[in-house]
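Fold and geometry: a report
Listed below, chain by chain, are the residues.
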Amino acid sequence: MESIYFNEEHHLFRESLRGFLKKEVVPHIEKWEKTGTIERFIWEKFGEMGYFGLAYPEEYGGMDLDLFYTVILLEELQRINSGGFAAAIWAHAYLAMTHINKEGNHDIKERYLAPSITGEKIGCLCITEPFGGSDVAGMRTTAVKKGDKYIINGSKTFITNGVYSDYLVVAAKTTPELGNKGISIFVIDRDMPGVSATKLDKLGWRASDTGEIAFDNVEVPVENLMGEENMGFPYIMQHFALERLIMGINAHARSEFAIEYTLQYMSEREAFGRTIDRFQALRHTMSDLATEVEICKTFNYTVAYRLNNKEYVVKEASMSKLQSTKVADNVIYQCLQMLGGYGYIEEYPLARLLRDSRLGPIGGGTSEILREIIAKMIIDGKDYKPVT
Ligand SMILES: Cc1cc2nc3c(=O)[nH]c(=O)nc-3n(C[C@H](O)[C@H](O)[C@H](O)COP(=O)(O)OP(=O)(O)OC[C@H]3O[C@@H](n4cnc5c(N)ncnc54)[C@H](O)[C@@H]3O)c2cc1C
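Now for a quick tour of the structure.

1. Examining empty space enclosed by the protein
Across all of its chains, the model carries 2 cavities of 30 Å³ or more by this definition. Empty space within the largest cavity amounts to approximately 150 Å³. The set of elements that each furnish at least two residues to the lining of the largest cavity consists of helix H4 (67-79), helix H5 (83-103), helix H7 (232-268) and helix H10 (349-357). No other element matches the 4 residues that H5 contributes to the lining of the largest cavity. Here the lining of the largest cavity is composed, by residue class, of 7 nonpolar, 7 polar and 2 charged. Here the second largest cavity is characterised by a volume of approximately 30 Å³. Listed by contribution, the elements that provide at least two residues to the lining of the second largest cavity are H4 and H7. Along the lines of polarity and charge, the residues of the lining of the second largest cavity split into 7 nonpolar, 1 polar and no charged.

Structural data, given as structure tokens:
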């Protein structure tokens, strides 16, 4: 089935990436999980290897490759079992950088996209606010135009790479009275006066920094407006399709990793004189889990294929995230059970997997919001159209 989507070059890429992660990343993961800080050198190494540029134009140092290279990057990142490290990488490479690439003009791309591809600059995407994340249109951060500047005031929260990134892609209201038709997107340097960030402590994704950010009269040059004024909401909605598919792919990949590890464990662990993979009750559970994951993976690849062919897959990407994250939570919960007491011990991978997986149905659009989107499309006949 995989060969429908992956050719020989994809396989070689996967092999070399897996080798790279094993050698350059895995030895540091425990430290980064403890400190919540991913050291700078690894960003630069990712840049040197071209991993941040897979999906971006050659003009800015990228490789302009098909989406299945991104699928491989996401899948392999899940296999090293640090949801936080993976999130830091893909939030930079696909949340922040997608906006820079799609809405930024040539000047912005030279200033932010090119150094993002080399790993010199790290980005984050700031949409969620303390007053609410699901209701994007209800955001309160404002950007008031004054001469050749926008003055930005407000706050954002739960921002991945929110503390250690170099620039922030920020949604703010330029015309508040227009609701979702009054939002614009800006790129803001971390060191601009008035920007401050506080790190949040959290259940999982512990290697990544999640920040609450305040903007206090931040004077942003008009050149840092991205795309058209008041078009921010449609831009955000459009890129959600990719973001949600990414989270669906992450979910099937971490489920596969959990199953693989658990089956190996079960083939070695003995109880009542035989290995536990001989017990029918456990065998049937594992069969059910493997079936659910395979179905998610197959669906996710189909959606990736369609997105790669420029189809606007809002419904399918929502379904991908909704279902794959639900399956992942169940798979990981059940796999942990197969390890008995060891499942609960930090030295074994299931404990962290369980914590990290729990964000799946929350971040980037909760399962409830995804059901709302799907309901609008399948019941009310709503048709979403891309803006760019
Ligand atoms: C570790 C982490 C990393 C994150 N990274 C980022 C990031 O990089 N950038 C960013 O912008 N955001 C980020 N987020 C924010 C995330 O996207 C939001 O937490 C999420 O969208 C939900 O928003 P909220 O937390 O404000 O919940 P709320 O919107 O307050 O929702 C609370 C509950 O109410 C439910 N609910 C709300 N509205 C409805 C409705 N209409 N119908 C039914 N139920 C509803 C929700 O589903 C949820 O269960 C991150 C969050 C976390 C925890």
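2. Considerations on the environment of Thr118
Inspection of the secondary structure assignment puts Thr118 in helix H6 (residues 106-118). By relative accessible area, Thr118 is classed as partly exposed at 34%. Sequence-wise, Thr118 and Met49 are 69 residues apart; in three dimensions their C-alpha atoms are separated by 8.7 Å. Residues contacting Thr118, with those up to four places away along its chain left out, are Trp43, Glu44, Gly47 and Glu48. At a separation of 3.0 Å, a polar atom in the side chain of Thr118 contacts the main-chain carbonyl oxygen of Pro115. Polar contacts involving the side chain of Thr118 include one to the side chain of Glu120, which spans 2.5 Å.

3. Details of H7
With 37 residues, H7 extends 54 Å from end C-alpha to end C-alpha; this agrees with the ideal 54 Å at 1.5 Å per step. Along H7, the sharpest kink reaches roughly 30°, centred on Phe240. When you tally the buried positions in H7, you get 28 out of 37 residues, the bulk of the element.

4. Regarding the site of the ligand
The environment of the ligand is formed by 20 residues, the closest being Thr128, Gly133, Ser134, Thr366 and Glu368. The separation between an oxygen atom of the ligand and a polar main-chain atom of Gly133 is 2.7 Å. With respect to the ligand, the side chain of Glu368 contributes an N or O atom lying 2.7 Å from an oxygen atom. Contact with the protein chains covers 64% of the free accessible surface of the ligand, which is 980 Å². For the shell around the ligand, the secondary structure elements donating two or more residues are strand E3 (149-160) and helix H11 (367-378). For the shell around the ligand, the element with the most residues is E3, which contributes 3 residues.

5. Overview of the nonpolar core
Counting 73 residues, the largest nonpolar core has Val25, Ile42, Phe46, Phe85, Trp90, Tyr94 and Ile100 as the members making the most contacts within it. When residues of this core are assigned to their parent elements, the largest contribution, 13 residues, is made by H5. Ignoring anything within four residues of it in the chain, the contact list for Phe85 reads Val25, Ile29, Trp32, Ile38, Ile42, Phe46, Leu77, Ile80 and Ala207.

What counts as what
Residues numbered from 1 in each chain as written. Predicted model: local features only at pLDDT ≥ 70, side-chain atom pairs only at ≥ 80, totals over all residues. Heavy atoms only, no water. 1 Å grid on protein atoms, 1.4 Å probe; cavity = no way out; pocket = protein on both sides within 12 Å on 5 of 7 lines; lining within 4 Å. Points joined across faces, edges and corners; volume = space filled by probe spheres on them. Helix = DSSP H or I, 4+ residues; strand = E, 2+ residues; numbered from the N terminus. Nonpolar A, V, L, I, M, F, W, Y, C, P; charged D, E, K, R; others polar. Buried < 20%, exposed > 50% of the residue type's maximum accessible area, 1.4 Å probe, protein only. Contact = heavy atoms within 4.5 Å. Polar contact = N/O pair within 3.5 Å; in protein donor to acceptor, adjacent residues only side chain to side chain. Expected span 1.5 Å × (residues − 1). Bend = angle between axes of the 7 residues up to and from the residue. Near = heavy atom within 4 Å. Areas by Shrake-Rupley, 256 points an atom, 1.4 Å probe, with all protein chains shown as cover. Core = buried A, V, L, I, M, F, W, Y, C linked by side-chain atoms within 4.5 Å.

Function cannot be read off these values alone, since they describe shape.
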